[in-house]
Amino acid sequence: MKILTINCGSSSIKYQLFDMADESVLAKGLLERLGTEQVSLCHQAKGAVVQPSCSAEDHRDGLGLILASLVHRDYGVIERIEQIKAVGHRVVHGGEEFSGAVRIDPKVIRAIENCAQLAPLHNRPNLAGITAAQMALGSAVQVAVFDTAFHSTLKKVAFIYALPYEWYEQYGIRRYGFHGTSHQYVAASAAEMLGRPLNELNLITAHLGNGCSITAIRRGKSVDHSMGLTPAEGLVMGTRGGDMDPAIVFHLAANSDMSLEQINEALQHRSGLLGISGLSNDMRDIVQAGEDGQERARLALEIFVHRLKKYIGAYMALLGEVDGLVFTGGIGENSAVVRSKAVANLERFGLRLDGKANEAVAQGQAKEISAADSEVKILVIPTNEELLIARQTLALVGS
Ligand code: ADP
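A quick note: this is a predicted structure, and the numbers were derived from the prediction, not measured.

K.L.:
Can you break down the site of the ligand residue by residue, with the values?
P.N.:
Around the ligand sit G209, N210, G211, N281, D282, M283, R284, G329, G330, I331, N334 and S335, and that is every residue in its neighbourhood. Residue N210 places a side-chain N or O atom 2.9 Å away from an oxygen atom belonging to the ligand. Separating a nitrogen atom of the ligand from a side-chain N or O atom of N334 is a distance of 3.5 Å. Bound to the protein, the ligand loses 68% of the 580 Å² it would expose on its own. Of all the secondary structure elements, the ones that give two or more residues to the shell around the ligand are α10 (283–291) and α12 (329–334). With four residues, the single largest contributor to the shell around the ligand is α12. Considered class by class, the residues forming the shell around the ligand number two nonpolar, eight polar and two charged.

See the structure below:
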């Protein structure tokens, strides 16, 4: 069974074609800058990378280019597009409507449209991808996999903000949670690594990429999470600052010459590691600049880790007992310095790092990095959201 996964941004499409017989990736790629003169497609298949020249106005054209690459005479991996039996779409916001993946029908589309108010920058492109795939791959089963679904197990105590309760009822103001496919994937992998059933495990999973979030998992279920109504809350991220006093917005609106829109733009795109350092949103640059003596880069790293550590501590308190702490995402998987700072001096709480193992994690490797006597296992697990989307799609194909 061949399954295509699609992840649409406002001007991009990420894709992977899986052969689910052995979960191998036949081809994958990224189409960027849709609707501009500089559209680019980077297609990887059969051990080679090709960048065919192309033009595409919208997601429909873009998907056409991707499908043409998949069946291309030289670098294609299938003969006919009808061999793709199902398409798994990443959809960012499923609101309260969806607690798992679903086959897409007109009712599902309407529900995703309704959720678009909560995440317009994400759900609208996701819908464009769904429409394009329905047109181009009419016979394939279309499945939506939601970033929010894994957190549908949050109880009111974790998802209601301490604000007028009517705001929840009237406007849907609550914590939804994001990066759900990543947290769910690494939690399942952690259970495999620890050789125990997931529904017996308490875990803290930290997804640290451009966006960063952390989840408290009790007996396999998400019980608290750092992101909220939108992916802006919680940890320090590449360009988002995470937790802050809401009064800052009103103070700036009253006392600066910035409009609300400009303030929002700065909160989304000019804060976080970039905002503090004034240099970069990329952790590699931040670490390097800090080592080179740039004070604000050093400060950005310290603030990033300080916040992360606060959440680890909070979730340990919430869970009571913790079996494993998992690091994933580009930073979580690759930055030994972030991992070691995040768990430094937590021995009394049962976290003891094996410094050598931490330094020796190879790229793409899943590895235990805690000392043998650490009560809480510390794990590095590369995330694979596409594989989880493909697995959940496969599970629905027969239904
Ligand atoms: P996204 O959230 O967009 O999927 P990634 O999960 O790829 O992003 O994470 C991107 C982040 O990972 C960047 O901040 C980047 O600096 C960081 N990163 C990647 N490799 C390393 C590394 N070797 N050391 C430190 N940080 C790294």
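K.L.:
Which residues make up the sheet that holds strand β8 (residues 141–146), and what values do they have?
P.N.:
Strand order in this open sheet of eight strands is β5-β4-β3-β2-β1-β6-β8-β7, and the pairing throughout is mixed. On the outer flanks of this sheet lie β5 (48–50) and β7 (102–103), each paired with one strand and no other. Where strand β4 (residues 40–45) meets β5, three bridges bridge the pair, whose relative direction is antiparallel. Bridge pairing in β5 places H43 opposite V50. This element, helix α1 (residues 59–70), spans β1 (2–8), β2 (13–19), β3 (24–32), β4 and β6 (84–91) of the sheet and lies at about 35 degrees to β2.

K.L.:
I'd like a description of the pairing of β2, backed by residues and values.
P.N.:
Burial of β2 is extensive: six of the seven residues sit out of reach of the surface. As judged from the seven bridges shared by β1 and β2, these two strands associate in the antiparallel manner. Note that in β2 the partner of L4 across the bridge is L17. With antiparallel pairing between neighbouring strands as the criterion, β1 and β2 make up a hairpin whose turn holds four residues. In this structure, β2 lies alongside β3, joined through seven bridges in antiparallel fashion. Bridging across to β3, Y15 finds its partner in G29. Hairpin connection, β2 to β3: the antiparallel pair is bridged by four residues, and E23 has positive phi, about 60 degrees.

Criteria and thresholds
- Residues numbered from 1 in each chain as written.
- Predicted model: local features only at pLDDT ≥ 70, side-chain atom pairs only at ≥ 80, totals over all residues.
- Heavy atoms only, no water.
- Near = heavy atom within 4 Å.
- Polar contact = N/O pair within 3.5 Å; in protein donor to acceptor, adjacent residues only side chain to side chain.
- Areas by Shrake-Rupley, 256 points an atom, 1.4 Å probe, with all protein chains shown as cover.
- Helix = DSSP H or I, 4+ residues; strand = E, 2+ residues; numbered from the N terminus.
- Nonpolar A, V, L, I, M, F, W, Y, C, P; charged D, E, K, R; others polar.
- Pairing = 2+ DSSP bridges.
- Contact = heavy atoms within 4.5 Å.
- Axes fitted to C-alpha atoms, helices over the stretch in contact; angles between N-to-C directions.
- Buried < 20%, exposed > 50% of the residue type's maximum accessible area, 1.4 Å probe, protein only.

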